[in-house]
Amino acid sequence: MVREASVFIRLEEKKGMSPTRQSIQDPFKAWKSQVIGTTKPVDVFKVLMKITLVFCIVASISLISYFTLSTQSRWFGCPQCDRGFGRSGYQKITGGDVGRTGYERTNISHILFGIGGSTGTWGERRRYCELWWKPNVTRGFVWLDEKPAENDTWPETSPPYQVSGDTSGFKYPSWTGSASAVRLARIVKESFELGVENVRWFVMGDDDTVFFTENLVAVLGRYDHNQMYYIGGSSESVEQNMMHSYGMAYGGGGFAISYPLAAELARVLDECLDRYYLFYGSDQKIHGCLSEIGVPLTRELGFHQVDVRGDAYGLLAAHPVAPLVSLHHLDVVQSLFPSMTQIESLNRLITAYEADPARTIQQTICYDFSRNRSVSVAWGYSVQLYPSVVTAEELETPFQTFYTWRSWSTHPFTFNTRPMSEDPCERPIIYFLDRVEMKGINRQILTTYKRLGFSPDRDCNNSRYAPLLAVHSFNVSAFQLRPESWEKAPRRQCCEVVDGRDGVERSVIQVKIKDCSQGQILSPGQILSPASDRNTNSHTGEEASEVITNIPLYVAHYTVTWACARLPAGGHKRSITSIPCVISWWIRPLIVLISVQKKMHRKC
C-alpha cells in the first residue's frame, strides 16, 4: 500500500495537480484574482477620492489651527496700524514683581518727591511747584530749613512740609559751599527714613523745578524699581559739567533714585558727606556717594537743568525725541511765550500738556513742496515756517537763542546749535501756541498757533517772504500719543501739510501729525515713502504673493467640488464621500477671509 501511495503522488506531481506545491510557488495568486478580477473603475475612483479627501481635511485643519493659534491676536489685526500709539511688548523691567500675577505698572502713587526749599524762598517759588503738584494725588514733602512762623497758614495747594534735621555737625568749607548743600543732600536719606509705604522711586528737585509728572511716570515705568537706578540729566552747559561733573544728575532738573538704591544710600550717606565736604552742591555730593556704591547715572534727555541764560526758545523748539520730564531755572530765563509772564507762559504750556502729555513739545517736520516750504512743529509750543526746503538734520538742531550759564558766552554747549540771524529775511517766521481744543467723538486734538510779538518794521520785505507773511496761523491736528509709545525705540513722528497740494495761498495752514509709514523718510528733494509705491508695484507683488499663498486652498476647493459633482445620485448621503460636498461649501469662504485679512494688513 505504501508503494502504491508513493507512485500515486509521483504521478500527481508530474501532472502539476498538487495544491500544496502550487500555493507555495504563487502565494499572491488568489489575492490578485480576487482584487483585480473584481475591481471596477468606479471603485478605484472612490479610493483615490478618499485619499484626496483625507489630504484636504488635514490641510484644512492645519490652516484653521494656524490662524487660531497664531501669535497674532486677531485675524483682522494690523500690527502696524497703532505704531507709535499701541502698547509695546518690550520693557526694561526684568525682575522683581514682573513675574507676579497682577503686577501693577508704575504710577504716580509709587513716587515720593523730595523738594528742596527754605522758608525764605518758598513764598515766591511755590508758584512753580503748585503748577504740577496735585493734592491727594502726588506724594512727597517740601523740606525746609526751619518751621514756618505760627501765624503763617500753609497753603493747601502746596505740598506738605518737613523740617530738615540738624546738619551743624557736618564739615563744609565756607569758601566752596554752604550748610544748605549738606541739608539738601540728606533729603534722600530723610525721605527714606519716613517709612512711607508703597514707594518705588524717590525723586529729588528744587522748589523752582516744574515736573511733568505723567511723563516722569512713563520714563520710570521703563525701569525695574527693584534694581539700583540713578536716573537724571546733565547740564546743558559744558562749563558747568567741567566744573562739577559730566557723570552726575543735576538736582535742579531733578533725578530719581530707586528704592533699593535709596536704602543703600541712606545707610552710608552721613559718613560719605564728610568725605566729599569740598564739593559745592548737594547733587554733586550725592553723585560722589553713589560712585562709592558703584551705581552710574542713567541719562534721560527729558530732565532739563536749563543752565542757560537769555531765551530758552531754541532749546525747547527742537526738543530731543524724549518725553519732557522737567524744567528748571525758569525764573532766570526769559518768558517762554512773548508778551506773557513766566507763570502765564507755563500755564499755557501746561494746557497743551494736560491734553497730550506724551506729545508735549515733541518736534515734527514736514514739507510743502508745492510752495517750496518747510514746517517744524514743536507740539504745544511753537511752529516755524521756512521759505525754502531745509534738511531735517538742520531743523532738528536748536537755534542758539541763549548763552552759557556762567560766562554768558555763545558756546560751548553739550549739543550742537545753529545761529539765529538778526536779519529777519534769514530766519523762519515763528508762531506760538494760542489754544488747544478737543474735536469730535474720537478726541482728536487741535492746536492753533499764531504770530505773537511781531511788528511790521521787523518783518522781512523780501518778495520771497511776502506769501509767508500772509500766513496768520497754523492748525495742527493729532490724536493723543499714548505714554506706552515711549517704551518703543524712539522715532520722531511725521506730519503733512493737508492743503499743500493745490499751491493756493492761505492765511491758515492745516497740518496733520501722524505716524511715519514703514520705510518713510524725509528728503529735501521729495518725501520718500513706500505709500505711493504700494499703489502700483508693491501692491502687484503682494497680490501675486497672495495668489501663490492661496494655491493649495484653491486646489482643494476645486478638487472637492469636482468630486462632489461626480458622486452617484444619493451617494453623498450614504458614505464618507459626502464630505467633499460639505467642504466645497465652506472652503471658499475660508479663501475669502484669508484674502481680506491680507488686504487689511497691506492697507496698514
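Criteria and thresholds
- Residues numbered from 1 in each chain as written.
- Predicted model: local features only at pLDDT ≥ 70, side-chain atom pairs only at ≥ 80, totals over all residues.
- Heavy atoms only, no water.
- Disulfide = S-S within 2.5 Å.
- Helix = DSSP H or I, 4+ residues; strand = E, 2+ residues; numbered from the N terminus.
- Buried < 20%, exposed > 50% of the residue type's maximum accessible area, 1.4 Å probe, protein only.
- pLDDT = per-residue confidence, 0-100.
- Contact = heavy atoms within 4.5 Å.
- Expected span 1.5 Å × (residues − 1).
- Salt bridge = Lys/Arg side-chain N within 4 Å of Asp/Glu carboxyl O.
- Phe/Tyr/Trp six-rings, centres within 6.5 Å; stacked < 30°, edge-to-face > 60°.
- Lys NZ or Arg CZ within 6 Å of the ring centre and 35° of its normal.
- Pairing = 2+ DSSP bridges.
- Axes fitted to C-alpha atoms, helices over the stretch in contact; angles between N-to-C directions.
- Bend = angle between axes of the 7 residues up to and from the residue.

**Here's the deal with the state of the cysteines**
Then step 1. Scanning the model with the defined rule gives four disulfides in all.
Then step 2. What pairs with Cys272 in a disulfide is Cys289, and their sulfur atoms sit 2.1 Å apart. Since a negative S-S torsion denotes a left-handed disulfide, the Cys272-Cys289 link at about -110° is left-handed. Note that Cys272 is positioned in helix α10 (residues 259-275) and Cys289 in helix α11 (residues 282-293), a separation of 17 residues in sequence. Neither Cys272 nor Cys289 differs from the other in exposure class; each is buried.

**Describing the confidence of the model for the protein**
Then step 1. Averaged over the protein, the pLDDT score is 79; the fraction of residues at 70 or greater is 68%.
Then step 2. Residue range residues 31-36 is modelled with pLDDT below 50. Its contacts to residues more than four positions away, or to other chains, number two contacts.
Then step 3. In this model, residues 527-547 is a region of pLDDT below 50 whose contacts with residues beyond four sequence positions or in other chains number 25 contacts.

**Points about α11**
Then step 1. The end-to-end C-alpha distance of α11 is 17 Å, a good match for the 16 Å that 12 residues give at a rise of 1.5 Å each.
Then step 2. With respect to burial, α11 is a largely interior element, nine of its 12 residues being buried.
Then step 3. Along α11, the residues that are buried comprise Ser282, Asp283, Gln284, Lys285, Ile286, His287, Gly288, Cys289 and Leu290.
Then step 4. Structurally, α11 contributes buried residues whose contacts are with α6 (179-185), α7 (187-193), β6 (230-232), α9 (238-243), β7 (255-258) and α10.
Then step 5. Backbone geometry just downstream of α11 places Gly294 in the positive-phi region, at approximately 100°.

**Regarding unusual backbone geometry**
Then step 1. Residue Pro412 follows His411 across a cis peptide bond; omega there is 0°.
Then step 2. Structurally, the position occupied by Pro412 is in the loop between β15 (402-404) and β16 (418-419).
Then step 3. The backbone of Asn198 sits at a positive phi, close to 60°, despite the residue not being glycine.
Then step 4. Here Asn198 is to be found in the loop between α7 and β4 (201-206).
Then step 5. With a phi close to 50°, Ile361 is a non-glycine residue in the positive phi region.
Then step 6. Turning to its location among the elements, Ile361 is positioned in the loop between α13 (342-355) and β11 (363-368).
Then step 7. For Ile361, a relative accessible area of 2% translates into the label buried.

**Quick look at the pattern of salt bridges**
Then step 1. Counted by the stated rule, this structure contains 23 salt bridges.
Then step 2. Across the salt bridge formed by Arg125 and Asp331, the nearest N and O atoms sit 4.0 Å from each other. Remark: Asp331 occurs in the loop between β10 (326-327) and α13 and Arg125 occurs in helix α5 (residues 119-132); sequence separation between them is 206 residues.
Then step 3. Using a relative accessible area of 27% as the deciding quantity, one classes Arg125 as partly exposed.

**Quick word on the environment of Leu265**
Then step 1. Tracing the sequence through the fold places Leu265 in helix α10.
Then step 2. Once the C-alpha coordinates of Leu265 and Lys189 are considered, the two residues, 76 residues apart in sequence, prove to be 7.1 Å apart.
Then step 3. Sequence-distant contacts of Leu265, defined by excluding residues within four places in its chain, comprise Val188, Ile257, Ile286, Cys289, Leu290 and Ile293.

**A look at the packing of aromatic side chains**
Then step 1. Counted by the stated rule, this structure contains 26 aromatic pairs.
Then step 2. One cation-aromatic arrangement involves Arg418 over Phe399; the distance from NZ or CZ to the ring centre is 3.8 Å.

**Looking at the sheet that holds β6**
Then step 1. Pairing is mixed in the open sheet, where seven strands are placed in the order β3-β2-β1-β4-β7-β6-β8. Two strands close off the open sheet at either side, each with one partner strand: β3 (161-163) and β8 (298-299).
Then step 2. Sheet topology places β4 next to β7; four bridges connect them, and they run antiparallel. Bridge pairing links Phe202 to Ile257 in β7.
Then step 3. Contacts from helix α8 (residues 213-220) reach β1 (111-116), β4, β6 and β7 within the one sheet, and its direction differs from that of β1 by about 120°.

**Describing the side chain of Asn475**
Then step 1. Turning to its location among the elements, Asn475 is positioned in strand β19 (residues 473-478).
Then step 2. By relative accessible area, which is 13% here, Asn475 ends up buried.
Then step 3. Excluding anything up to four places from it in sequence, Asn475 contacts Leu446, Thr447, Thr448, Val508, Ile509, Gln510 and Val511.

**Looking at the pairing of β4**
Then step 1. By the criterion of burial, β4 is predominantly enclosed, with five of the six residues buried.
Then step 2. Pairing of β1 with β4 involves six bridges; the strand directions are parallel. Bridge pairing links Gly116 to Asp206 in β4.

**Section: α5**
Then step 1. With 14 residues, α5 extends 20 Å between its outermost C-alpha atoms, agreeing within 8% with the 20 Å of an ideal straight helix rising 1.5 Å per residue.
Then step 2. Its axis deflected by about 55° at Arg125, α5 carries its strongest bend there.
Then step 3. Looking at α5, one finds that the buried residues are Trp122, Tyr128, Cys129, Leu131 and Trp132.
Then step 4. Its buried side turned inward, α5 meets β1, β2 (139-144), β5 (210-211), α8 and α13.

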